[in-house]
Amino acid sequence: MTLDRDSILKSLATIADPSGQGDLVSADRVRALRVTNGDVRFVLEMPVELARTAEPVRLAAQNAVAALPGAGAVSVVLTAHAAPGEAAKPPPPNLKIGRHPTPQAGPAKITGINRIIAIASGKGGVGKSTVSSNLAIALAQQGKRVGLLDADVYGPSQPRMFGINGRPGSGEDGKTIIPLRAHGVTLMSIGFMLKEDEAVVWRGPMLMGALQQFLGQVAWGELDVLLVDLPPGTGDVQLTLSQKAELTGAIVVSTPQDIALLDARKALDMFRKTKTPVLGMIENMSTFICPKCGEETSIFGHGGAREEAEKLGIPFLGEIPLNMDIRLGGDGGAPIVASRPDSAESKTFAQIARRLIDGGLI
């Protein structure tokens with residue numbers, strides 16, 4: 001039997017859907033199925049109410065495909081989605097996001113969170129959210145308790161990247177926000193509370209209020225580290241985070257392009273002025289290797305972030321390539337570190353995570 005899409009789906013059709021109605025294929029749970037030289041990866045998309053108990057089904061699906069002749073590495077990612085047409089539950093009436101912040105004397109320690117690390121860039125479009133999502137999963141895979149706060153209120157990306165469109169819950173007091181969880185990471189984003197194409201039209205005080213609520217009212221639980229995916233630039237959100245939370249430090253993401261590095265320097269200067277340690281720099285879209293001919297091309301230049309880090313005397317954490325699978329993973333709700341953990345790109349994120357852990361930063 002040839003290992004192809006049809007044979008894989010035939011195998012998955014033998015596994016009962018957790019809803020009790022049909023199998024995984026007839027229930028339309030299989031997404032993003034790809035076969036590459038015998039390696040298989042796909043996503044099982046479950047309704048939110050089934051996803052919490054669907055891990056045995058994920059393992060059964062993985063084992064069934066792995067048993068097929070010609071199968072190599074098999075990666076199955078479980079994601080949660082609201083059912084089509086299901087109305088999202090509104091927040092409780094006394095839980096309003098974006099209210100004016102309560103006065104606070106200075107940086108506050110968040111109960112249960114050991115370290116808070118900001119992931120920043122001076123410029124948009126450098127892949128900061130992609131780095132944040134994959135780094136969070138890489139840290140979780142190495143045994144760390146990880147949270148990820150999507151602080152880009154105007155352009156939240158993490159709900160799409162993690163494949164979640166459910167709503168956070170609320171505590172009995174009506175004020176506590178219960179975050180969502182995927183790929184071993186605890187998540188919070190304003191995007192969970194909006195339609196995907198709905199804009200946030202807020203002034204600075206509402207932005208600051210929302211960020212303070214996400215830091216102080218979310219039931220994060222016990223975390224080794226909370227990564228904060230910041231918006232680009234050096235505005236209200238960055239300043240609020242630096243002034244209101246006890247930041248362990250910041251990581252700056254840039255492409256090697258000169259114009260991106262120009263703005264990255266502004267982010268570095270902002271952290272210097274707010275007395276926030278810079279833990280290192282990451283160069284994203286560092287190089288491109290043609291999947292057909294193997295030729296390496298430095299589309300945006302190469303080594304600029306490393307040179308900048310060396311010039312400023314801060315650690316250089318690693319280079320992330322410009323790669324189609326990284327982009328597809330983010331767009332498809334299954335970051336590459338989760339969907340293809342054995343890939344070279346995933347191992348790069350794992351190495352960055354290990355450097356942070358070995359350095360005592362996480």
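Check the entry above for the structure.
Structure report, in brief. Computed from a predicted model, the values in this text were never measured in an experiment.

What about the pattern of salt bridges?
Okay, so step 1: What the rule picks out here adds up to 14 salt bridges.
Okay, so step 2: With a shortest N-O distance of 3.4 Å, Arg41 and Asp325 are connected by a salt bridge. Highlighted residues: Arg41 in strand 2 (residues 39–47) and Asp325 in helix 10 (residues 324–331), separated in sequence by 284 residues.
Okay, so step 3: A relative accessible area of 18% means that Asp325 is categorised as buried.
Okay, so step 4: Of the charged contacts, one joins Asp229 and Lys128 as a salt bridge, the two residues approaching to 2.9 Å between their closest N and O atoms. On the criterion of sequence distance, the pair formed by Asp229 in strand 10 (residues 223–229) and Lys128 in helix 4 (residues 128–141) is long-range, its members being 101 residues apart. Accessibility assignment for this pair places Asp229 and Lys128 in one class, buried.
Okay, so step 5: Three or more residues are tied together by salt bridges with common partners; here these are Arg41, Asp325 and Arg340.

Observations regarding the environment of Gly143
Okay, so step 1: Relative to the assigned elements, Gly143 resides in the loop between helix 4 and strand 5 (146–150).
Okay, so step 2: Accessibility expressed as a relative area gives 59% for Gly143, which makes it exposed.
Okay, so step 3: Separated by 81 residues in the primary sequence, Gly143 and Asp224 place their C-alpha atoms 9.7 Å from one another.

Notes on the nonpolar core
Okay, so step 1: Ranked by internal contacts, the top residues of the largest apolar core, which has 41 residues, are Leu135, Leu139, Val185, Leu227 and Ile251.
Okay, so step 2: Broken down by element, the residue count for this core peaks at 7 residues, all from helix 4.
Okay, so step 3: Contact partners of Leu227, with chain neighbours within four places excluded, come to Ile117, Ile119, Ser132, Leu135, Ala136, Leu139, Gly147, Leu148 and Leu149.
Okay, so step 4: Ile110, Leu215, Leu230 and Val237 belong to the second-largest nonpolar core, a separate cluster that totals 39 residues.

Some points on the sheet that holds strand 8 (residues 180–182)
Okay, so step 1: Read across the sheet, 8 strands follow the order 8-9-5-10-4-11-12-15 without closing on themselves; strand pairing throughout is mixed. Edge strands, defined here as strands with exactly one partner in the open sheet, are strand 8 and strand 15 (316–319). Taking each pair of neighbouring strands and ignoring which way they run, the sheet shows an average axis angle of 25°.
Okay, so step 2: Sheet analysis places strand 4 (residues 113–120) next to strand 11 (residues 249–254), joined by 4 bridges and oriented parallel. Residue Ile119 lies in a different strand from strand 11, and its bridge partner there is Ile251.

Quick look at the pairing of strand 5
Okay, so step 1: Burial analysis of strand 5 places 5 of its 5 residues in the buried class, the great majority of the element.
Okay, so step 2: Every second residue of strand 5 is oriented toward a common face, with Val146, Leu148 and Asp150 on one face and Gly147 and Leu149 on the other, all of them buried.
Okay, so step 3: Bridge analysis of strand 5 against strand 10 gives 5 bridges, and the strand direction is parallel. Within strand 10, the residue paired with Val146 across the bridge is Val225.
Okay, so step 4: In terms of strand pairing, strand 5 meets strand 9 (residues 185–189) through 5 bridges, oriented parallel. Residue pairing across strands places Leu148 opposite Leu187, the latter belonging to strand 9.

As for the environment of Pro156
Okay, so step 1: Within the fold, Pro156 resides in the loop between strand 5 and helix 5 (158–161).
Okay, so step 2: Considered as a pair, Pro156 and Ile190 are 34 residues apart in the sequence and their alpha carbons are 6.8 Å apart.

Side note on the environment of Ser343
Okay, so step 1: Along the chain, Ser343 turns up in the loop between helix 11 (336–339) and helix 12 (344–358).
Okay, so step 2: The exposure class assigned to Ser343 is buried, which follows from its relative accessible area of 5%.
Okay, so step 3: Linking Ser343 and Asp325, residues 18 residues apart in sequence, is a C-alpha distance of 9.7 Å.

Concerning the packing of helix 8 (residues 258–273) against helix 9 (residues 304–312)
Okay, so step 1: Axis separation between helix 8 and helix 9 bottoms out at 11 Å; the angle between their running directions is 35°. Of the two possible hands of crossing, helix 8 and helix 9 adopt the one that is right-handed. Packed against helix 8, whose contacting residues are Leu261, Arg265 and Leu268, the element helix 9 presents Gly304, Ala305, Glu308 and Leu312 at the interface.
Okay, so step 2: Split into classes, the residues belonging to the contact of helix 8 with helix 9 amount to 4 nonpolar, 1 polar and 2 charged.

Concerning helix 12
At 3.6 residues per turn, the α-helix brings residues three or four places apart onto the same side.
Okay, so step 1: Counted at 1.5 Å a residue, the expected span for helix 12 with its 15 residues is 21 Å, and the 21 Å between its end C-alpha atoms agrees.
Okay, so step 2: Regarding helix 12, the residues found buried are Glu345, Ser346, Thr348, Phe349, Ile352, Ala353, Leu356 and Ile357.
Okay, so step 3: Turning to helix 12, the residues buried within the fold contact helix 4, strand 11, strand 12 (278–283), strand 15, helix 10 and helix 11.
Okay, so step 4: Among the residues trailing helix 12, Gly360 stands out with phi positive, at a value near 75°.

Calculation notes
- Residues numbered from 1 in each chain as written.
- Predicted model: local features only at pLDDT ≥ 70, side-chain atom pairs only at ≥ 80, totals over all residues.
- Heavy atoms only, no water.
- Salt bridge = Lys/Arg side-chain N within 4 Å of Asp/Glu carboxyl O.
- Helix = DSSP H or I, 4+ residues; strand = E, 2+ residues; numbered from the N terminus.
- Buried < 20%, exposed > 50% of the residue type's maximum accessible area, 1.4 Å probe, protein only.
- Core = buried A, V, L, I, M, F, W, Y, C linked by side-chain atoms within 4.5 Å.
- Contact = heavy atoms within 4.5 Å.
- Pairing = 2+ DSSP bridges.
- Axes fitted to C-alpha atoms, helices over the stretch in contact; angles between N-to-C directions.
- Left-handed = near helix turned anticlockwise from the far one by under 90°.
- Nonpolar A, V, L, I, M, F, W, Y, C, P; charged D, E, K, R; others polar.
- Expected span 1.5 Å × (residues − 1).

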